[in-house]
Amino acid sequence: MKIALLGYGKMGKVIERIALERGHEIVLKKDEHNTYDGLSDADVSIDFSVPTAAVANISASFNAGVPVVSGTTGWLEHYDEMIALCNDKKGGFISSSNFSLGVNIFFGLNEYLAKIMAPFNSYKVTMEEIHHTQKLDAPSGTAISLAKGVIENSKYSNWTMEQPNENEIHIEAKRIGDVPGTHTVTYDSIVDNIEIKHTAHNREGFALGAVIAAEWLAGKQGVFSMKDVLNLQ
């Protein structure tokens, strides 16, 4: 399979290595210094760029008839626009805040716990995420996905990084060293607390999941999620 890498930073380089190990060919390594030359030769593109480049990368892929796997976060105000373009171009698209197998299992656990805890008003939900100092957006896309998972299965209606009201989930974002990603969801009451936590040890899991998603998406049309890729419905 021929893969275009849209974004060639630390994650892009790990994705490249894993893709090559799995027998794929890299036809484009796009960064701020080169063009999209070679994109149309790809069977699928993988976008791990920066928020300001994601929309251009995704649009270029759809316009070239290439399905897109995007792990970039911080651009979701344009999500509906990209979905419309995908449908118009009869493209294929998977956008996820996190492609790690473990994190996607964690998403399911988070939703299940939210359903169980919903009747117990004495518990207040808070979240913490920790990432490396080079991460540009805060809170992380993974933390936002976790918050949405709780909101869809409980009384909560929103999340905030400020002082929360009764129906808001507070998210604390920390930027420390070279931490790949740690996410904690806590239900706290005056008598006890319940906590679930995912800690990434390196970027390998994110990269492998993205390549697996690209393998799955190649040749497909439509908008999908990692639940489709991993059959977690």
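See the structure printed just above.
An account of the accompanying structure is given in this report. Here the structure is a predicted model, which is why all the values come from computation and not from measurement.

Structurally, the position occupied by Ala 54 is in helix H2 (residues 51-63). As a C-alpha pair, Ala 54 and Trp 75 span 21 residues in sequence and 6.9 Å in three-dimensional space. Apart from the residues within four sequence positions on either side, Ala 54 is in contact with Asp 47, Ser 49, Thr 72 and Trp 75.

Next up on the list: the sheet that holds strand S9 (residues 182-188). Pairing is mixed across the open sheet formed by 5 strands, whose spatial order is S7-S8-S6-S9-S10. What marks the edges here is a single partner per strand, and that holds for strand S7 (158-160) and strand S10 (193-199). In this sheet, neighbouring strand axes are inclined to one another by 20° on average, regardless of whether the strands run parallel or antiparallel. By the bridge criterion, 6 bridges tie strand S6 (residues 124-131) to strand S8 (residues 168-175) in an arrangement that is parallel. From the neighbouring strand, Ile 130 faces S8, where its bridge partner is Lys 174.

With that settled, the discussion passes to empty space enclosed by the protein. In the structure shown here, the tally under the stated rule is 1 cavity of 30 Å³ or more. Its boundaries defined by the atoms lining it, the largest cavity holds a volume of some 90 Å³. Ala 114, Met 117, Ala 118, Phe 120, Asn 121, Tyr 123, Val 125, Val 150, Ser 154, Lys 155, Tyr 156 and Tyr 187 together form the lining of the largest cavity. Residue classes in the lining of the largest cavity are distributed as 9 nonpolar, 2 polar and 1 charged.

What follows covers the packing of H2 against helix H3 (residues 79-88). One way to put it is that H2 packs onto H3 with a least axis distance of 9 Å and a crossing angle of 10°. What the angle tells us is that H2 and H3 run roughly parallel. Packed against H2, whose contacting residues are Val 55, Ile 58, Ser 59, Phe 62 and Asn 63, the element H3 presents Met 82, Leu 85 and Cys 86 at the interface. Grouping the constituent residues of the contact of H2 with H3 by class yields 6 nonpolar, 2 polar and no charged.

Gaps left between atoms are located by rolling a probe of water-molecule size over the structure's atoms. Computed from the structure, the largest pocket encloses a volume of approximately 880 Å³. Contributing to the lining of the largest pocket are 40 residues, with Met 11, Phe 48, Ser 49, His 132 and Lys 135 lying nearest its centre. Those elements that provide at least two residues to the lining of the largest pocket are helix H1 (10-21), H2 and helix H5 (141-151). For the lining of the largest pocket, the class distribution of residues is 13 nonpolar, 20 polar and 7 charged. Within this model, the second largest pocket holds a volume of roughly 670 Å³. Considering the residues around the second largest pocket, the lining is formed by 23 residues, among which Ser 95, Ser 96, Ser 97, Ser 145 and Lys 148 are closest to the centre. Mapped by element, the contributors of at least two residues to the lining of the second largest pocket are helix H4 (101-117), H5, strand S11 (222-224) and helix H7 (226-230). Per element, the largest residue contribution to the lining of the second largest pocket is 5 residues, and it comes from H5.

Let us look at H2. Taking 1.5 Å as the rise per residue, H2 with 13 residues should run 18 Å; its terminal C-alpha atoms sit 19 Å apart, in good agreement. Taken together, the buried positions of H2 are occupied by Ala 54, Val 55, Asn 57, Ile 58, Ser 59, Ala 60, Ser 61 and Phe 62. Of the surrounding elements, those touching the buried residues of H2 are strand S1 (2-6), strand S2 (25-30), strand S3 (44-47), strand S4 (68-70), H3 and strand S5 (92-95). Following H2 by one or two positions, Gly 65 adopts a phi angle in the positive range, close to 75°.

Along the chain, Ser 100 falls in the loop between S5 and H4. Residue Ser 100 is classed as buried on the basis of its relative accessible area, which comes to 7%.

This part takes up the side chain of Asp 137. Position of Asp 137 relative to the elements: it lies in the loop between S6 and H5. A distance of 3.2 Å separates a polar atom in the side chain of Asp 137 from a polar atom in the side chain of Lys 135. When sequence neighbours within four positions are dropped, the list of residues in contact with Asp 137 reads Thr 73, Gly 74 and Arg 175.

The next thing to look at is the environment of Gly 222. With respect to the helices, strands and loops of the structure, Gly 222 is situated in strand S11. Between the C-alpha atoms of Gly 222 and Lys 90, which are 132 residues apart in sequence, the distance is 7.1 Å. Each residue touching Gly 222, except ones within four places of it in the same chain, is listed here: Cys 86, Gly 91, Gly 92 and Phe 93.

Conventions adopted
- Residues numbered from 1 in each chain as written.
- Predicted model: local features only at pLDDT ≥ 70, side-chain atom pairs only at ≥ 80, totals over all residues.
- Heavy atoms only, no water.
- Helix = DSSP H or I, 4+ residues; strand = E, 2+ residues; numbered from the N terminus.
- Contact = heavy atoms within 4.5 Å.
- Pairing = 2+ DSSP bridges.
- Axes fitted to C-alpha atoms, helices over the stretch in contact; angles between N-to-C directions.
- 1 Å grid on protein atoms, 1.4 Å probe; cavity = no way out; pocket = protein on both sides within 12 Å on 5 of 7 lines; lining within 4 Å.
- Points joined across faces, edges and corners; volume = space filled by probe spheres on them.
- Nonpolar A, V, L, I, M, F, W, Y, C, P; charged D, E, K, R; others polar.
- Parallel < 35°, antiparallel > 145°, perpendicular 65-115°, else oblique.
- Expected span 1.5 Å × (residues − 1).
- Buried < 20%, exposed > 50% of the residue type's maximum accessible area, 1.4 Å probe, protein only.
- Polar contact = N/O pair within 3.5 Å; in protein donor to acceptor, adjacent residues only side chain to side chain.

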